[in-house]
Amino acid sequence: MSRENTSTVVVLGGGHNGLTAAVLLAKAGRKVVVLEARETFGGLAARETFHPGYAAPGLHHDTRGVRAALVEELGLARHGLAFRKQPTKIHLARAGSEPIVLDALHASVSGVAQAEVERFAQWRGFLGRVGPALRAALDRPAPEPAGELLPLLEAGLRVRRLGRADMLELLRILPMCAADWMRDALTDERLRAGLALPAVEGSFSGPWSAGSAANLLFREVTSGNEIEGGAAALVDALVKAAKGFGAELRHGAPVRSISLRAGRVAGVVLESGEELACDSVLATCDPKQVFLDLIGAERLPVDLAQDLERVRARGTTAVVRLALSAPLALADGTAVEALRTGESLDAIERAYDAAKYRTVASEPVLDVRVFTGKPHAPSGHSVATALVHAAAFAREGGWDDDAREKLGDDAVRVLSSACPGLEAKLVAREVLTPADLSRRYRLTGGHIHHGEHALDQLLFMRPSTATARYATPIGGLFLGGSGSHPGGGLTCAPGALAAKAWLASR
Amino acid sequence: MKQYDAIIVGGGHNGLACAAYLARAGRSVLVLERRHVLGGAAVTEEIFPGFKFSVCSYVVSLLRPQIIRDLELPRHGLEILPLECSFAPAVDGPGLVRWPDARRTREEIARYSAKDASLYPEFGREMAQLARLVKPVIDEPSPDPASLHPTELLRLARLGKPFRELGARGIHQLVKMMTLSAADFLDEWFESDVLKAPMSVSGIIGTYLGVRSPSTAYVMLHHYMGEIDGAMRAWGFSRGGTGEVSMSIARAAQAFGAEIRTEAPVAKLLMRGDEAAGVVLADGTELRARVVVSSVDPKLTFTRLVDAKYLPSEFTHALSRYRLRGSSGKVNLALDALPEFTSRPGDGLHIRGDIAVAPSIDYLERAYDDAKYGKFSRRPYINVVLPTLTDSTLAPPGKHIMSCFVQYAPYHLATGPESWPQHREAFGDTVVDTLEELAPGLKNRILHRQVLTPWDMEQDFGLSEGNIFHGELSLEQLAFLRPAAGFAHYQTPVRGLWMCGSGTHPGGGVMAAPGKLAAERMLKERAL
Amino acid sequence: MPNATPFHPRTQALCQSYKWKDWSGYCAPCVYGMSPEREYNAIRNGAGLLDVTPLFKYDVSGKDAARFLSRVLSRDVRALKPGRMTYLCWCDDHGKVLDDGTCAHLGDGRSRLTAAAPALHWLMRHARRYDVTVADVSDEVAALALQGPTSRAILRDACGEVVDGLKFFGVATARIDGFEVVLSRTGYTGDLGYELWVDNAHALALWDALSAAGKRHNLEPVGLDALDISRVEAGFVLRGIDYTGANEALIEAQKSSPYELGLGWTVTLERDGEPFIGQAALEREKREGSAWALVGLDVDWPAIEALYAEHGLPPHVPSAAWRSMVPVYRDGRQVGRATSGTWSPTLKKNLALATVEASVSEPGTPLYLEWTVEWSRQVVPAVVTKTPFFDPPRKRA
């Protein structure tokens, strides 16, 4: 342990948030070391070659949440990052009739009655109007309701400025369940279900659960254009940018513990036994892991330990990756880029029911993204990645090979019914149960968002009130992963806000 | 022709309370009740000779103490008998009784978890602290966050102040209380299912939600409000049945000069221009008043009483989204002898409180899953009381009344609500079978059985969709959003028409708060 | 409905007053005869035998027992040797006292904690990451306090010379009539005395053995009233009376730190390893000073006599100790409250324990205590006094 090292900021986790923080800190002239446990960078955004010649560009396949302004600030365009010009077409397949086709920005919908198109436009219009106010709230640290009045009044004013009707509608929707919201807005059950599916991602809830409307709302108002090449392209650009600013990136460097001295960070100890002295750690792994595993509840104030123990992170999402010898296509031969199964709100709800009883849905609901040709698969071939709802991390009796294969079979069967002939194109598949996700990506509870998106685990309460503004009661320790405001998914926002909080504290 | 200051449509506890407060302020008031008895859903009826059932609402929970004092209800016959303990019987084993005595409760819980036992009192204290914050919210009209009126802003700030004083962590606790599911909230404290299941059910009563549905935790607070109300015996039976609550309010109203008519169904509003000027009865009689106050639910008010042409489309749209999915049924049994629970055979204090059929969280959640998909629960949650153990006026000596509140019985069956009459007896059988498993021999002691489905509650009691609270008590339908944004202060888009039922703030239950608050609002606004 | 302790068959037979109270869910005699004076005198001049079974008892064992206890308790008990007991308190995160009690090292890495209130969930909440087992033995271990100048002689007769080597706050194991008893030289009276811990099964045999041995040494069964007089003389605080446990307080103002309760001496701030719960807050308080202080008050007796005289009454004090909040003044301004007090038959003084602003807590500070005669509220002078008020050398000898 050498003295001069102590001015280093150690970033735990080389996922998209860790790398984002590293870029901003290094850009500000700080000495940064990123420690990534795995051999590849990117975390849930990392490119995964799951069969020779076939690579999935990230476990998260929805890149709509990465803000253009942040990409600009990070200077990622210089490293090859580009947004797609055209939004992805999302197909909502339905048995025995034309699919509904949505574009990912909700600018258009087809395959429904004209009256429904108008209702959809109204719904979309509401999102468009409340979007800026919500984005403003989600793009900055969450004000603390018992803290300074000014940021609170500011946030209140932004909402007031929406006008009476939209403001009341917003307040009405926030505590609602997605199913009721969808039923208020639309009449086509297939469209309702297709739009509602993201509401249940990363939350222990179904579309009937109160609060799921907010999850959907926040997700949709922060969505923009997708990134060309998927999540992996984002990671590539972040790695280049970080290195360009002089950050040191170390892979294969899992951390065992964070050492404290007199209530402050003193360094980190790697699993190899190596010790790194530092007075600042910016941790982007999940907060339960940071406090309960890497530090230990016995070294924390009781309230803090209890708050972290109470953070709910019950994984319900599994991942299935398919290597296909042809593009994924519907019955009529239409190739699809993105597809959501689950023909009704009840179908999604039933899948969640299984997770409630610590089992696995036998009719899972899939959110599928297809990447065709180079660099993902041999030319003419494709890779389909599916987020599969719902499979309980805490499966009764635990997860074994049989359970994993059954989950894979069920997912393929469900997808086949929308895309006949799928089995014939199947070259290989990889199934990751929540338990696999927990092991491979070091996720507490196998939870892909580092903690459920629930109304009490957002804003100034994410992951706990004492840690929600990135700094923590442990001197020198900052949080900056998906477990922090504004939450999980590919946004890079928690990492960026954490880095800024760190810089502001100096 | 006489012109009243106010005509109140519906003689339930809220309508009567509103009448009493208006009459007390010197206004001339007429209450019109469709049925032959007063009380609405807070009613006592002799359904079988000698047996008086609290047909719908069966316990007095949150009747506001201020109303008891203001209207001097004890002088008008109100007497509340305590409901002291809560028994959760089990098929095997002793089940769980929560007693008013902390030590005994601790021993009961310690059978299942020593840790839970030692934590239970602390839970109660934390709940009482949170309940303290909620109390002013239900005792006052809701502030309107969309209003820029200085008094509304001031009220918001005033209600907001104690919240800010809680500190971030305290506010987080409150947010959890408001948004978590009862199951998740209890999971933060306790490990034993035998304890958590009966505690969680207070969060789902009357709602179309399960114990794992987010936002069910906060109703548990109500259980801790009695302690801080300054009213002893806040939870209990009303002597003579729940109808006596209504009757005592009616007597108070009459003592203040209000006029009450039964078997006087109102057909529609009497309009003068686009203002309400009175009502037209079903028999064609026209009655005039300066204001008409509806205590029936918003759906009934604005579809039956008022012609749609008088309502702005925005309001009609908002009401079309107002949710009233009824979810509960009632089975009233007249018994030849007391039931014998295998958990704890024989008579005893443990069956003098409420008896909750809630063996586990998963059991309750499965009961909800059935309802979600349009079926009544194959194994329902049942809340049983035996009021005859404390009130001998209700049944012949030695005979008993067993009142069973049942969830879930969704109004919207998959086969349509109108198919309920075909399912009524099967539903009754399910309830009795469920109880028979816990108290074998019950079936043979049943003298009479009354099964009330949500369909029946709609048909017989005028509760739209059989919703006992005049609208679901979900967050988006409470406070300034109940029943619709901009109309949470008891006024309606029709001049001269007001609301005072459970479909207004602070909502359902035998609280009588909406009736009181509506009367106060009308007086303050000089509406009459 | 309170439960019976394992000694109930004996205590019930002896309790002629029919005065019982609920102590943590057990019924406990307030006084056996008509007045507590005789029982008090037994404690100070002979020996008193008191059923203290209702205390909460937790056995902590396992590899990390000492480390775990030092994390939870404000006192570092890692250095506590087998055969030693110590008095201490434990706090929440904010350095506010949850409860006070004792911790005994029973040997083989096993420790026993006593508490006035249930603490199991608090212990278990923090036990998760340690290799320890926390067992609630409250309902399995019966306990007797044998207190007073002749207690040593009684115990020597009952269980032999193991008693002779037992120092103040020492713990030993003895055998009486073939069963095992844990002895500790501790108590809540401020006198020479012992506490005896035994399996419920042997409770009656222990009572009988001590009663038999006590015949020659002026042993009396004593109730809680006599205990209360002696504990005020000894300056011991009582949870729920002199302070509110932080987990039961409804508002911040009801909570107290160890420093405010005069228990600062039990807090070990200097230690290695993990901080104990509340350490940071207590370090801050130590540095910045406390707001309140728990002090003894010596209440002026002639002034009380004079007040009674004004009403034409002879002076009167209740025979038992009192426990209610009574205002304390300085220069006409309220500076605190007395929480319990007693007439001390030994010292012939009127004593009280009070929590006052730290600025008026120096011994010798003149204050005023509210005193009501008939219906008339008056004040009487009271002087801040060091506790214990009564501290006989035999306690430690």
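1. Examining the nonpolar core
Buried together is how nonpolar side chains tend to be arranged in soluble globular proteins. With 96 residues, the main nonpolar core has Trp181(A), Leu191(A), Leu217(A), Met402(B), Cys404(B), Phe427(B) and Leu435(B) as its most contacted residues. The element that contributes the greatest number of residues to this core is helix α3 (residues 114-138) of chain A, accounting for 8 residues. The residues touching Leu217(A), leaving out its near neighbours within four places in the chain, are Phe126(A), Leu127(A), Val130(A), Leu134(A), Leu170(A), Leu174(A) and Trp181(A). Counting 41 residues, the second-largest nonpolar core is a separate cluster that includes Ala22(A), Phe41(A), Ala231(A) and Trp502(A).

2. Considering the packing of aromatic side chains
Per the counting criterion, the structure on display carries 26 aromatic pairs over all chains. Ring centres 5.2 Å apart and planes at 85° place the aromatic pair Phe123(B) and Trp189(B) in the edge-to-face group. Taken as a pair, Phe123(B) in helix α4 (residues 114-139) and Trp189(B) in the loop between α7 (182-187) and α8 (193-200) lie far apart in primary sequence, 66 residues in all. Across the pair, exposure class does not vary: Phe123(B) and Trp189(B) are buried alike. When the ring of Phe168(C) is compared with that of Phe169(C), the centres are 5.0 Å apart and the planes differ by 70°; the resulting orientation is edge-to-face. The rings of Tyr120(B), Phe123(B), Phe185(B), Trp189(B) and Phe190(B) are connected pair by pair, giving a single aromatic cluster. When the ring centre of Trp208(A) is taken as reference, the NZ or CZ atom of Arg183(A) above it lies at 5.0 Å. The cationic tip of Arg104(B) hangs over the ring face of Trp99(B); the distance from NZ or CZ to the ring centre is 3.7 Å.

3. Points about the interface of chain C and chain B
Each side of the interface is counted separately: chain C has 15 residues, and chain B has 12 residues. In total, about 1300 Å² of surface goes out of reach between chain C and chain B, with carbon and sulfur atoms giving 52% of it. Put simply, chain C and chain B have 1 salt bridge between them. When the shortest N-O distance is used, the salt bridge between Asp139(C) and Arg103(B) registers 3.9 Å. Seen at the junction of chain C and chain B, the total is 6 residue pairs in polar contact (both at pLDDT 80 or more). For the side of chain C that touches chain B, the element with the highest residue contribution is helix α4 (residues 120-127) of chain C, accounting for 4 residues. Within the side of chain C that touches chain B, the residues separate by chemical class into 7 nonpolar, 5 polar and 3 charged.

4. Digging into the interface of chain A and chain B
With 40 residues of chain A in contact, the opposing surface of chain B contributes 40 residues. Counting the surface chain A buries against chain B, the share from its top three residues, Trp208(A), Arg310(A) and Tyr357(A), is 19%. The interface formed by chain A and chain B includes 14 salt bridges. Listing elements by their share of the side of chain A that touches chain B, those giving two or more residues are α4 (149-160), α5 (164-173), α6 (178-185), α11 (302-310) and α12 (345-356) of chain A.

5. Quick look at unusual backbone geometry
For the bond from His389(A) to Ala390(A), the omega torsion is 0°, close enough to zero to count as cis. Structurally, the position occupied by Ala390(A) is in strand β16 (residues 382-391). At the junction of Gln407(B) and Tyr408(B), the peptide bond is cis and its omega measures out at 15° in the coordinates. Of note, His106(A) is a non-glycine position whose phi angle comes to about 65°, a positive value.

6. A short note on the confidence of the model for chain A
Looking at chain A, the pLDDT average stands at 94 and 99% of residues meet or exceed 70. This model gives residues 1-6 of chain A a pLDDT under 50, and the stretch forms 7 contacts once residues within four places in sequence are excluded.

7. What about the sheet that holds strand β3 (residues 47-51) of chain C?
Residues and elements named next belong to chain C. In spatial order, the strands read β10-β11-β12-β9-β3-β13; together these 6 strands make up an open sheet with mixed pairing. This sheet does not close on itself; its edge strands, each paired only once, are β10 (171-176) and β13 (219-221). Sheet twist, expressed as the mean angle between neighbouring strand axes with direction ignored, is 25°. Here strand β9 (residues 141-147) runs beside strand β12 (residues 193-199); their pairing, made up of 7 bridges, is antiparallel. Bridging across to β12, alanine 142 finds its partner in valine 198.

The rules behind each value
Residues numbered from 1 in each chain as written. Chains lettered and ligands numbered in written order. Predicted model: local features only at pLDDT ≥ 70, side-chain atom pairs only at ≥ 80, totals over all residues. Heavy atoms only, no water. Core = buried A, V, L, I, M, F, W, Y, C linked by side-chain atoms within 4.5 Å. Buried < 20%, exposed > 50% of the residue type's maximum accessible area, 1.4 Å probe, protein only. Helix = DSSP H or I, 4+ residues; strand = E, 2+ residues; numbered from the N terminus. Contact = heavy atoms within 4.5 Å. Phe/Tyr/Trp six-rings, centres within 6.5 Å; stacked < 30°, edge-to-face > 60°. Lys NZ or Arg CZ within 6 Å of the ring centre and 35° of its normal. Buried area = accessible area lost by both parts, 1.4 Å probe. Salt bridge = Lys/Arg side-chain N within 4 Å of Asp/Glu carboxyl O. Polar contact = N/O pair within 3.5 Å; in protein donor to acceptor, adjacent residues only side chain to side chain. Nonpolar A, V, L, I, M, F, W, Y, C, P; charged D, E, K, R; others polar. pLDDT = per-residue confidence, 0-100. Pairing = 2+ DSSP bridges. Axes fitted to C-alpha atoms, helices over the stretch in contact; angles between N-to-C directions.

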